[in-house]
Amino acid sequence: MKNIAVADKQPAWCPGCGNYPILKTLDEALNELNIDRRKLVLVSGIGQAAKLPHYTKANVFNGLHGRALPAATGIKIANHELEVVVTSGDGDIYGEGGNHFIHTLRRNVGLKLFVHNNQVYGLTKGQASPTSDLGFVTKIQIHGVILQPFNPMALAIAEDCSWVARSFSGTPEHLKAMMKEALNHRDGMALLDILQPCFSFNHQNTFKWYRERVRPVDPSHDPFDREAALRLAMKFGDEIPVGVIYRSKRKSFESQLEALKDSTLVSRCN
Amino acid sequence: MDINLRIAGEAGQGVVSLGEILSGALAASGLHVFTGKSYMSRIRGGLNWTDIRIGSSELFGLRNRIDLLTALTQEALDLLKDDLNPGGIALLDGEAPAEDGLLTLNFSGISKAICGSDLMANTAAAGAVFALLGYNPDSLKNYLSRIFSKKGDDIIAKNCQAALAGYKAAAEKNIKLSAVPAGGVCRYEQLISGADAAGLGAATAGIKLATAYPMTPGTATFNYLAAVSDKYSIVVEQAEDEIAAVNMVCGAVFAGIPAMTMTSGGGFALMCEGLSLAGMMELPLFILLAQRPAPATGMPTRTAQEDLKFALNAGHGEFTRAIYAPGTQQQSYDLTRLAIETAHRCQTPVIMLTDQFLQDAEKNIAPLDDKYNPVDRHLCSNSNPGYKRYALTADGISPRAIPGGDALVVCDSDEHTEEGHLSEDFSVRIAMQKKRMAKAGGLLAEFVHPEFFGTVNAGITLICWGSTYGPCREAVEHLNSEGSTAAMLHFSQVWPLDRKICREFLDKSRRIIVVEGNYTGQFASILREQQIISNHELITRYDGLPFTAEYIVTEVMK
């Protein structure tokens, strides 16, 4: 029997995958903000993006497909002083975990949700994801996708998520700025949707396709203006706005829990 | 000496409130009380009842027949009067003319005369029942004064007035039950249900997060935990579905707090993947599974013991687990505490199987300790930078640290290395699967012995598990008083089973009968597979109603 332990230590991603710059940028953002890795928990579900926590230094909860958000919520309830960052894909968070996405937004749990959104299923080799464009042809959707693409930005604004932004793995400086702003965000959930090409399975939404379409949000945009934010969120096509789209002054879930008023629950278990 | 009082009517009519006043007042009068609820899955209408069994010695279950029926509707009377014992009394709330063996009293009328509405009709009915039982109305009045103490003197006075008016109206009819147990024999006034006892066990054991998607009959424990959540610093979160409920608990226990979720069969079905996750990640997951008849939605408000094999085999793949099944309110408390401790000691999922009958059944027992007394979480220090969450050990139990210190805690649902990182290495897979399965030894080491009751070397041994404890125990007493030699062997831990210990109790019995609330005899099948029994008979019940001693004795005698 061949020992394949060495292969386990290498990222399982294709060369040129958008996950590499996302991983590198996340590490830089964490380092530049001096975030204590001992107090950091990376939570993920299943998928190629969900393997990210294994390739950096942190506490890790790599759970079930679609279930990263409830697990992250449980972690935050147990110890709200931990920095909880969820890194997972569009299939995991918007598809399998769609119900949890809705209700975690409603709770406004103080976690950072970084969704690697490549509009396709990678790990299962090329089926449509909830964010795939109409008409996207796959081995399963042979006549093209006929389901309305999922709009995570608009849904998050509708549920009054406290910080909503979008970025692109092909612009690492912008991505880092967004990650740092998300990590600095206090009082509630921060959703960062990260557009990311998939060289192996998405030949429609390519690196070039995204690069030609992403446009930084105009500096005059007031993210606290919900209607203006919703108009930006509805744009996905010839032009895709990137940057902070929406902010709200809503209180976080954990700041409203009676039992967490004095200290963390985990500090009171003896 | 014991009798059975039944209060019956439509949902929303006050069956539960009248039952609470009466059972509380009767317990306060020093009687042994055991209550059960029978209700339909609806908010209004239908036929619901509360049974209050009272006795001069300790009671363990319900009875089939009625000695005093209080019917709040004519329909309830028509449907239930055939269940009256000879000499029994039926009391109807209303203005219908009395017929033979029937007493009609207008409780709403009594209430309206006192407070202008029918708000106190239940109190008046309780007074009438006290008269028919020949008990002193003062103990009812004392009880009412106590429970309404926060509502002011006026409310107390009017309730006492209503109780007395009901008492007098019944006493004037010169009807009484002939044989009634004497009060003053039980010193425990506090009634507690299985659901509340489990909740109290969990709260005192240090549960800090309770999650659920509401599902009868698990919800009763969820309600209890919410009610005491401020006292014990518990976060109670209603999840969007059972999948979220179980995964929140997995996250919370990973981060270091004891946590639990509760549900019934359908919700548990949705939790299966999470259960398997806890098996792989070696998390101390505790699930309270309150059974009801299935498949699918089944009979939501009825009782069953149909999910034993499901609980035993739930979750994909192979991993260890312990399953407890309380038989009494006291065991609901004790085993909840033990289950949480076991989950932490062995880092494995633990399921407690209860059911609608025990969740709802109330009994006055010695007060359960409500002092916060958290179980050992069996944690190691998290200050070691070279920490490996899944270090290989002889007993399969790796020292468990929690995030926040120098030790990074890495947990993965994929097969993983000792460090917790995902691995597709075959030798890693073998070592890890052996390690996880080795924890079965730790689970067996603290096996809860089955409880033996009755005659040694009996002609008949009734084997039971979970909530059939009470009915089987009373059946054994009955059989022994009628000249048989009978015994009961009750299992409150149904998995894993220690064959040697179990067989010691059974070797000399001539007739082994397994009693359980399902169609196929699931526990009997497990006992055969584990070579604990070979030849046996089976008494089953799967109509949705709880076992009673009469039911079991009748089946044994067939």
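The rules behind the values
- Residues numbered from 1 in each chain as written.
- Chains lettered and ligands numbered in written order.
- Predicted model: local features only at pLDDT ≥ 70, side-chain atom pairs only at ≥ 80, totals over all residues.
- Helix = DSSP H or I, 4+ residues; strand = E, 2+ residues; numbered from the N terminus.
- Rg over C-alpha atoms; globule rule 2.2 N^0.38 Å.
- Buried ≥ 20, exposed ≤ 12 C-beta atoms within 10 Å, placed from the backbone.
- Contact = placed C-beta atoms within 7 Å.
- Domains from an automatic or database assignment.
- Nonpolar A, V, L, I, M, F, W, Y, C, P; charged D, E, K, R; others polar.
- Pairing = 2+ DSSP bridges.
- Axes fitted to C-alpha atoms, helices over the stretch in contact; angles between N-to-C directions.
- Parallel < 35°, antiparallel > 145°, perpendicular 65-115°, else oblique.
- Left-handed = near helix turned anticlockwise from the far one by under 90°.
- Core = buried A, V, L, I, M, F, W, Y, C linked by C-beta atoms within 7 Å.

Asks: Help me understand the overall build of chain B in this model?
Replies: When you go through chain B residue by residue, the secondary structure sums to 20 helices and 21 strands. The C-alpha atoms of chain B give 26 Å as radius of gyration, which agrees with the globular expectation for 558 residues (24 Å, within 12%). By its C-alpha atoms, chain B is 85 × 55 × 40 Å across when sized along the principal axes. Taken across its 558 residues, chain B has 57% of its residues classed as buried. Here the contacts in chain B between residues at least 6 apart in sequence split such that 72% fall between residues at least 24 apart.

Asks: Hey, could you run me through the domain arrangement of chain B in this one?
Replies: Where the parts come together, the accessible area they lose is often given as the size of the interface. Residue and element names in this part refer to chain B. Taken domain by domain, chain B consists of domain 1 (2-171), domain 2 (191-364) and domain 3 (451-557). Taking only C-alpha atoms into account, the centre of domain 2 sits 25 Å from that of domain 3. Taken together, the elements giving at least two residues each to the side of domain 2 that touches domain 3 come down to helix H12 (308-313), strand S12 (322-324), helix H13 (329-346), strand S13 (350-355) and helix H14 (356-360). In terms of residue class, the side of domain 2 that touches domain 3 is built from 14 nonpolar, 6 polar and 5 charged.

Asks: Just to check I follow, could you spell out the interface of chain B and chain A for this structure?
Replies: The interface of chain B with chain A comprises 51 residues on the first partner and 39 residues on the second. Sort the elements by how many residues they give to the side of chain B that touches chain A and helix H10 (residues 242-254) of chain B lands first, with 9 residues. Each residue belonging to the side of chain B that touches chain A can be placed in one class, and the counts come to 26 nonpolar, 14 polar and 11 charged. The sheet contact formed by strand S2 (residues 59-62) of chain A and strand S15 (residues 410-412) of chain B spans 3 bridges and is parallel. Residue pairing across strands places Asn62(A) opposite Asp412(B), the latter belonging to S15(B).

Asks: Is there a simple way to explain the packing of helix H3 (residues 107-115) of chain B against helix H4 (residues 121-133) of chain B in this structure?
Replies: Residue and element names in this part refer to chain B. The interhelical angle for the contact between H3 and H4, taken along N-to-C directions, is 120°, at an axis separation of 8 Å. With respect to each other, H3 and H4 are oriented oblique. In terms of crossing hand, the pair formed by H3 and H4 is right-handed. The segment H3 lies against H4, with Phe107, Ser108, Ile110 and Ser111 engaging Ala121, Ala124 and Ala125. A class-by-class count of the residues in the contact of H3 with H4 yields 5 nonpolar, 2 polar and no charged.

Asks: Any chance you could explain the sheet that holds S2(A) here in plain terms?
Replies: Within a beta sheet, neighbouring strands are joined by backbone hydrogen bonds and run either parallel or antiparallel to one another. Ordered by their spatial adjacency, 9 strands build an open sheet running S7(A)-S8(A)-S5(A)-S6(A)-S4(A)-S3(A)-S1(A)-S2(A)-S15(B), and the pairing between neighbours is mixed. The outermost strands of the open sheet, each flanked by one partner alone, are strand S7 (214-216) of chain A together with S15 of chain B. Shown here is a sheet whose adjacent strand axes are inclined to one another by a mean of 20°, direction ignored. As judged from the 6 bridges shared by strand S5 (residues 163-168) of chain A and strand S6 (residues 190-195) of chain A, these two strands associate in the parallel manner.

Asks: Sorry, what's going on with the pairing of S2(A) here?
Replies: Moving residue by residue along a regular strand, the side chains alternate between the two faces of the sheet. Residues and elements named next belong to chain A. Because side chains alternate across S2, one face comprises the buried residues Asn59 and Phe61, and the other comprises Val60 and Asn62, equally buried. Alignment of strand S1 (residues 40-44) against S2, held across 4 bridges, turns out to be parallel. By the bridge assignment for S2, valine 41 is matched with asparagine 59.

Asks: Before we go on, may I ask you to explain unusual backbone geometry in this structure?
Replies: What is expected of a backbone is that most residues other than glycine have negative phi and most peptide bonds are trans. Of the consecutive residues Ala294(B) and Pro295(B), the connecting peptide bond is found in the cis state with omega at 10°. Inspection of the secondary structure puts Pro295(B) in the loop between strand S11 (286-291) and H12. Across the junction of Trp495(B) and Pro496(B), the peptide omega takes the value -10°, indicating a cis bond. Position of Pro496(B) relative to the elements: it lies in the loop between strand S19 (493-495) and helix H18 (499-506). Within the chain, Asn34(A) stands out as a residue other than glycine whose phi angle is a positive 55°. Here Asn34(A) shows up in the loop between helix H2 (19-32) and S1. Note on Asn34(A): 6 C-beta atoms within 10 Å, which makes it exposed.

Asks: Looking at this model, I keep getting lost on the nonpolar core. Mind explaining?
Replies: Note on soluble globular proteins: their nonpolar side chains tend to be buried together. Residues Ile75(A), Leu209(B), Val249(B), Cys250(B), Ala252(B) and Leu462(B) are the most contacted members of the largest nonpolar core, which totals 250 residues. Those residues in contact with Cys250(B) that sit more than four places away from it in its chain are Gly63(A), Ala71(A), Gly74(A), Gly274(B), Leu277(B), Ala278(B), Met281(B), Leu283(B) and Leu285(B).

Asks: Help me out: how do you make sense of the pairing of strand S1 (residues 2-11) of chain B in this one?
Replies: Residues and elements named next belong to chain B. Of all 10 residues that make up S1, 8 are buried, and the element is covered over most of its length. Looking at chain direction, S1 and strand S3 (residues 45-55) are connected through 9 bridges and run antiparallel. Residue pairing for S3: alanine 8 is matched across the bridge by tryptophan 49. Where S1 meets strand S4 (residues 66-71), 4 bridges bridge the pair, whose relative direction is parallel. Its bridge partner lying in S4, isoleucine 7 is registered against threonine 70.

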